Structure formats: structure tokens, C-alpha cells
Amino acid sequence: ETGVTQSPTHLIKTRGQQVTLRCSSQSGHNTVSWYQQALGQGPQFIFQYYREEENGRGNFPPRFSGLQFPNYSSELNVNALELDDSALYLCASSLWLGSALGSPLHFGNGTRLTVT
Amino acid sequence: GQNIDQPTEMTATEGAIVQINCTYQTSGFNGLFWYQQHAGEAPTFLSYNVLDGLEEKGRFSSFLSRSKGYSYLLLKELQMKDSASYLCAVSSPTTTSSALEPERGNQAGTALIFGKGTTLSVSS
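This structure is a prediction, so every number in the text was calculated from the model and none was measured.

Procedures and definitions
- Residues numbered from 1 in each chain as written.
- Chains lettered and ligands numbered in written order.
- Predicted model: local features only at pLDDT ≥ 70, side-chain atom pairs only at ≥ 80, totals over all residues.
- Heavy atoms only, no water.
- pLDDT = per-residue confidence, 0-100.
- Contact = heavy atoms within 4.5 Å.
- Helix = DSSP H or I, 4+ residues; strand = E, 2+ residues; numbered from the N terminus.
- Buried < 20%, exposed > 50% of the residue type's maximum accessible area, 1.4 Å probe, protein only.
- Patch = residues over 30% accessible without salt bridge, like charges linked within 9 Å, V, L, I, M, F, W, Y side chains within 5 Å.
- Areas by Shrake-Rupley, 256 points an atom, 1.4 Å probe, with all protein chains shown as cover.
- Salt bridge = Lys/Arg side-chain N within 4 Å of Asp/Glu carboxyl O.
- Pairing = 2+ DSSP bridges.
- Axes fitted to C-alpha atoms, helices over the stretch in contact; angles between N-to-C directions.

### Some points on the confidence of the model for chain B
So, point 1. In this model, chain B carries an average pLDDT of 90, and 89% of its residues clear a pLDDT of 70 or more.
So, point 2. For the stretch residues 97-106 of chain B, pLDDT sits under 50, and the model shows 7 contacts to residues farther than four places along the chain or on other chains.

### As for the environment of W34(A)
All names here are of chain A.
So, point 1. Locating W34 in the fold gives a position in strand β4 (residues 31-37).
So, point 2. Classification of W34 by relative accessible area gives buried; the value is 0%.
So, point 3. Between the C-alpha atoms of W34 and E75, which are 41 residues apart in sequence, the distance is 9.1 Å.

### Regarding a nonpolar patch on the surface
Residues and elements named next belong to chain B.
So, point 1. Together, Y48, V50 and L51 give the surface a local cluster of nonpolar side chains, amounting to about 270 Å² of exposed area.
So, point 2. Mapping V50 onto the fold places it in the loop between β5 (44-49) and β6 (53-57).
So, point 3. Owing to a relative accessible area of 38%, V50 belongs among the partly exposed residues under this scheme.

### Points about the sheet that holds strand β8 (residues 74-78) of chain A
Residues and elements named next belong to chain A.
So, point 1. Spatially, β1-β3-β8-β7 is the arrangement adopted by the 4 strands of the open sheet, whose pairing is antiparallel. Only two strands of the sheet have a single partner each, and these edge strands are β1 (5-7) and β7 (64-68). Between one strand axis and the next, the sheet turns through 20 degrees on average, direction left out of account.
So, point 2. Both strand β3 (residues 19-24) and β8 contribute to a ladder of 5 bridges, which runs antiparallel. Note that in β8 the partner of C23 across the bridge is S74.

Shown next as C-alpha cells:
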């Protein structure tokens, strides 16, 4: 069973730039979620994708956007980077049964983004 | 609003028992999760409670009282490797905006609302 993999592991960007982070879901999972974790904090929900559509969004501005592909892999795009975007970005996959979770969320190791 | 509270730090010695408490106030509830996160690593799933009561899994147990908005994680026979951050998370339903796509309806998903985590240090 292949787990959740994310790339890259580390990234340094300049304020105002754009970034794309990538995630491959665990096999058998059909839902992917993205979380932002600042140092010393718990993960914060960004959004969730199911059937290639966003089906839930946290309190993040529109410059945070995403995609889910037919093979259930996903991208997180952040435009106009700000210093406060520096954080660990976690991707999590799960099995969504349409009305309930069929599995707990399984997290990848994350991408550490530093904005200077 | 959404609020999940857990202690910031706890310390214990090898072989001891420790209980990490979590209280929550959320707009929806689909269950409560506990995750373990070692520094620089991904959160890993420990337990899930959706009904009141105790769930036991080896050295780890988790308890839920929905009426009190309260959960705890109990770790027995502590080992040095248990030094980590422990995250309490409530599963809460999300919805899409169906205004522009009425044919999709409210395709509700679920989000985990996390506490800030409890850093547990186990010493010998």
C-alpha cells in the first residue's frame, strides 16, 4: 500500500511569487485535503477535493486554489505569496463514502514553504 | 465558532500513564480523532471516537463524551519514543456552494478542526 507522498519537501520563494505543491494520494483513497501548519500550531484546513471538485473550504483567501486529477493526485497553488504563508503544507487523503468517512485521514510528510 | 482546547505541554517519565485532555466547541460533529506528530514528520492516526465511551487500542485509549464536548487520550507504559505532539481534531461537515451548480446539490465533505497540539516529553 503506497502512502501519501508530497513534493517538493522544501521550497523557498520570494514575496509576490506563485507556488505549486503536489500530492499523490494513498491508493484506494478518493478524497484529498490540504492543511497549513504554522510552527507550534495545529494544522488549519484549507480545502478538500472529491471527484475533482472542491467540496469544502476553510478560511483561506481565493489566492489559495487547488486541483484534483482523475488519478486522485492533487495540486495546491498559492498566488501572490505573503510572508505569513511560510508554513508546513500537509496533504491528506481518505476514502469518502458520499456521506461519511470510510477511513481516517492519512497525511503526507508535507512541504516546508519559506517566503522571504 | 470553532474552538478546540488542549494543554500546551506535558511531561512524564518512562513507564508512567499520562492523560491528555481535549475540550471542543464546534458547529458540527462527525467524530473526534487523535493524531501523533513527531517533529518534522506527518501526523499519524491514533484513534477515532464517534460514540460516547472508551476505545482501547494497545497502550493507547481514547474517551469521548459528546454531551460535555470532552475527550481524552490515555497513554500507558510510556516509552521515550512517545515524546511527540498529540493533536486532538474534530471532524466537522463542510458544504459546497450550490447556488451556481444546483444540480450538484450540497455535496458535503468533512474537515478536521485541530487543536494546537500537546507536546509530551517523556524522560527516563
